[in-house]
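Listed below, chain by chain, are the residues.
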Amino acid sequence: MKKVLTWIMMFSLIGSLIGCAGGGAAEQPEATGTDAAPAAGAGDANTPVKLRIAWWGGQSRHDYTLKVIEMYEKQNPHVTIEPEYAPFDDYWKKLAPQAVAGGLPDIIQMDISYLNQYAGRNQLADLKPFMDSGSLNVDDISENALSGGEVDGKLVAMNLGVNALQTTFDVETMKANGIDMPPMDWTWDDMDKLGAQAKEKGYQIGGFAYRHDVFFPYYLRTIGQKMYSEDGKTIGYPDDQAFIDYFTRYQRWYDSGYILSLDKEAQKKGVAEEDEIVLGNSISGTGWSNQFLAVANLVPDRPLELHPMPGPGIKEGLFLKPSMYFSVTESSKNKEEAAKFISFFVNDIEANKLIMGERGVPVSSKVKEELLPLLSENEAKIFEYVTWAEENSSPGDPPNPIGAVEIEKLLRDLSERILFKKISIEDAAAEFRSEANAILARSQQ
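Calculation rules
- Residues numbered from 1 in each chain as written.
- Predicted model: local features only at pLDDT ≥ 70, side-chain atom pairs only at ≥ 80, totals over all residues.
- Heavy atoms only, no water.
- Helix = DSSP H or I, 4+ residues; strand = E, 2+ residues; numbered from the N terminus.
- Expected span 1.5 Å × (residues − 1).
- Buried < 20%, exposed > 50% of the residue type's maximum accessible area, 1.4 Å probe, protein only.
- Salt bridge = Lys/Arg side-chain N within 4 Å of Asp/Glu carboxyl O.

Further remarks concern helix α20 (residues 404-419). Here α20 is 16 residues long and its end C-alpha atoms lie 23 Å apart, about the 22 Å a rise of 1.5 Å per residue gives. Judged by how many residues are buried, α20 sits mostly within the fold: twelve of 16 residues are covered. Along α20, the residues that are buried comprise A404, V405, I407, E408, K409, L410, L411, R412, L414, S415, I418 and L419. Backbone geometry just downstream of α20 places K421 in the positive-phi region, at approximately 60 degrees.

Here is the structure:
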């Protein structure tokens, strides 16, 4: 993430250059007339069209996405799609200079943390005209699923799937050690007890590792507060007590040995094979629902289960998150053809038999219904949990404001200083508020 921050800071500093270049094409000619290419607008299947598409992910995602592309090309022989893919950090490192140079791919996988940044510089096309024309079919997609990709009244990103925060439990290991499964409406106090029980038996609980950018906002939602103000210009929670309460508990877990030490955590590359449940060291983990599958598939002898995050206030804290998006870039000369591919990706039944919800539970109700009989046991658990979350959650927050990536790094750095006893929690709370507000103020300029 430090590498990502470096590129994002560079990206911000040369914002004026981006403006001159049209934010990746904001001032370049629209894809109309002769510039559009007949296949982009008129859908002339005899006119060759070349699209570039970029995404991040692991090898399994690369493999099936390439198969989906091949399937689309066979059905649309006038279209050639050039793939570009990389791990998460390298992906954004590569995308930033492409944006500056006006050379973004036609379709880019987008994350909620970066949505406002790219949309705010007019680098993402509005997809609503393609919905109106029928090139992007949303007949079986709910308004709630679509709204997660809206910025300033424009649909700049198509939701590819939905996730919900969850706790993963190693049920068999818990039973074997006399540790009871908590109820669905469990609390942070229950998690304290679980940590003590696990430690006594030689295990840990998953803990939050470095992802305070995910779990601190969840905690704030459970107590009726928000990470950011409605206009995205300041921190949203009114005083520092929530920060103090959250990190006081986390520090207690750390000092008690309930969660992994920072030095061991720093050695991990973020792959499922390194998960402490897989290694047999932890009875639980935390993350997004789609992350459950890779871990669960690696321990076929020990069934894992999904559970909500602790409360009280679980329903207020939980929300359905767009796992990731596809966006059409404003610089694309073939926007309509790009929108057609996205439509295929989210709606085609055979394509989704390859995808199998890996990018989140499908947003198309028809696709979801068709996949249910084909799901593995672990895939079915994810679909069932997300269905439960749909009835036991609240609307999500708007996309993070510009500057959020830098704020996430600030939060992670402060959390490390807290755990290493280099700063008091109270001083960290004050520093976070001051520095985060300064970052947001700079980002508005």
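Having seen the model, we can carry on.
Evaluation of the coordinates by the stated rule reveals 25 salt bridges. Between K74 and E70 there is a salt bridge, and its shortest N-O distance comes to 3.7 Å. Of this pair, K74 and E70 are both found in helix α4 (residues 59-75), four residues apart, which corresponds to roughly one turn of the helix. Salt-bridge contacts for D189 lead to R249; the nearest nitrogen and oxygen are separated by 3.6 Å. Taken together, the residues D189 in helix α10 (residues 188-200) and R249 in helix α12 (residues 241-256) connect sequence positions 60 residues apart. Members of the salt-bridge network, linked through shared partners, are D189, D192, R249 and R252.

Another aspect to go through is unusual backbone geometry. Residue P312 follows G311 across a cis peptide bond; omega there is 5 degrees. Tracing the chain through its elements places P312 in the loop between β10 (304-307) and α15 (314-317). The backbone of M356 shows a phi angle near 50 degrees, a positive value even though the residue is not glycine. Residue classification places M356 among the buried residues on the basis of a relative accessible area of 14%. One non-glycine residue, K421, lies in the positive phi region at around 60 degrees. You can see K421 is positioned in the loop between α20 and α21 (425-443).

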